[in-house]
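# Geometric and topological summary
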Amino acid sequence: MNYSPELEAALDAMRKITDTSDMHVLAQQYNSHVTFLGKRNGAGIVKGDKIAWEYGGLKKVGIVTKVNRKTVEVQNWGNTPYGATRTRLDKSMILGKVA
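Treat the numbers as computed from the prediction; the structure is a model and nothing was measured. (Residues numbered from 1 in each chain as written. Predicted model: local features only at pLDDT ≥ 70, side-chain atom pairs only at ≥ 80, totals over all residues. Heavy atoms only, no water.)

## Quick word on the sheet that holds strand E3 (residues 71-76)
Spatial strand order, E4-E3-E2-E1-E5: 5 strands in an open sheet with antiparallel pairing. Looking along the sheet, the strands with just one partner apiece sit at the ends: strand E4 (86-90) and strand E5 (94-97). The mean angle between the axes of side-by-side strands here comes to 40 degrees, regardless of whether they run parallel or antiparallel. Where strand E1 (residues 50-55) meets strand E2 (residues 58-67), 6 bridges bridge the pair, whose relative direction is antiparallel. The partner of Tyr-55 across the bridge, within E2, is Leu-58. (Pairing = 2+ DSSP bridges. Helix = DSSP H or I, 4+ residues; strand = E, 2+ residues; numbered from the N terminus. Axes fitted to C-alpha atoms, helices over the stretch in contact; angles between N-to-C directions.)

## Overview of helix H2 (residues 20-42)
Because an α-helix completes one turn every 3.6 residues, residues spaced three or four positions apart along the sequence face the same direction. With 23 residues, H2 should cover 33 Å at 1.5 Å per step; its first-to-last C-alpha distance of 32 Å lies within 8% of that length. Where H2 ends, the next residue or the one after it, Gly-44, has phi of about 85 degrees, a positive value. (Expected span 1.5 Å × (residues − 1).)

## Comments concerning the environment of Arg-88
Tracing the sequence through the fold places Arg-88 in strand E4. Judged by relative accessible area, which is 52%, Arg-88 ranks as exposed. C-alpha of Arg-88 to C-alpha of Val-64: the two residues are 24 residues apart in sequence and 9.7 Å apart in space. If near-sequence neighbours (up to four positions away) are discounted, Arg-88 is found in contact with Asn-68, Thr-71, Val-72 and Glu-73. Here Glu-73 takes part through its side chain, which lies 3.4 Å from a polar atom of the side chain of Arg-88. (Buried < 20%, exposed > 50% of the residue type's maximum accessible area, 1.4 Å probe, protein only. Contact = heavy atoms within 4.5 Å. Polar contact = N/O pair within 3.5 Å; in protein donor to acceptor, adjacent residues only side chain to side chain.)

## A word on the pattern of salt bridges
Here the structure, examined in full by the defined rule, presents 4 salt bridges. Asp-49 serves as the salt-bridge partner of Lys-97, at 3.4 Å between the closest nitrogen and oxygen. In this pair, Lys-97 is assigned in strand E5 and Asp-49 in the loop between H2 and E1, connecting sequence segments 48 residues apart. With a closest N to O distance of 3.4 Å, Glu-73 and Arg-88 form a salt bridge. In this pair, Glu-73 is assigned in strand E3 and Arg-88 in strand E4, connecting sequence segments 15 residues apart. One continuous salt-bridge network, built from bridges that share partners, spans Glu-73, Arg-86 and Arg-88. (Salt bridge = Lys/Arg side-chain N within 4 Å of Asp/Glu carboxyl O.)

Structure below.
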């Protein structure tokens, strides 16, 4: 896979860690950064917005039906109310609003 130079450097540094307490510090920093990304990406998202997100390399689009502190519930775009697929996703996965 093609990774950015920053990601390659981070992966190399992580592989050199041999102490579990250092790995816990790394995990704590990872979790706090994901929370930061979620707050940044989810700012201004309200019920009824059409948003895009990426999951498994696929870009998906849907309508926000519920906004929680760390997650949003999205109904897939183009579905009927009968049998509509609803997805709960972390705000850090949001790519942005779609016009």
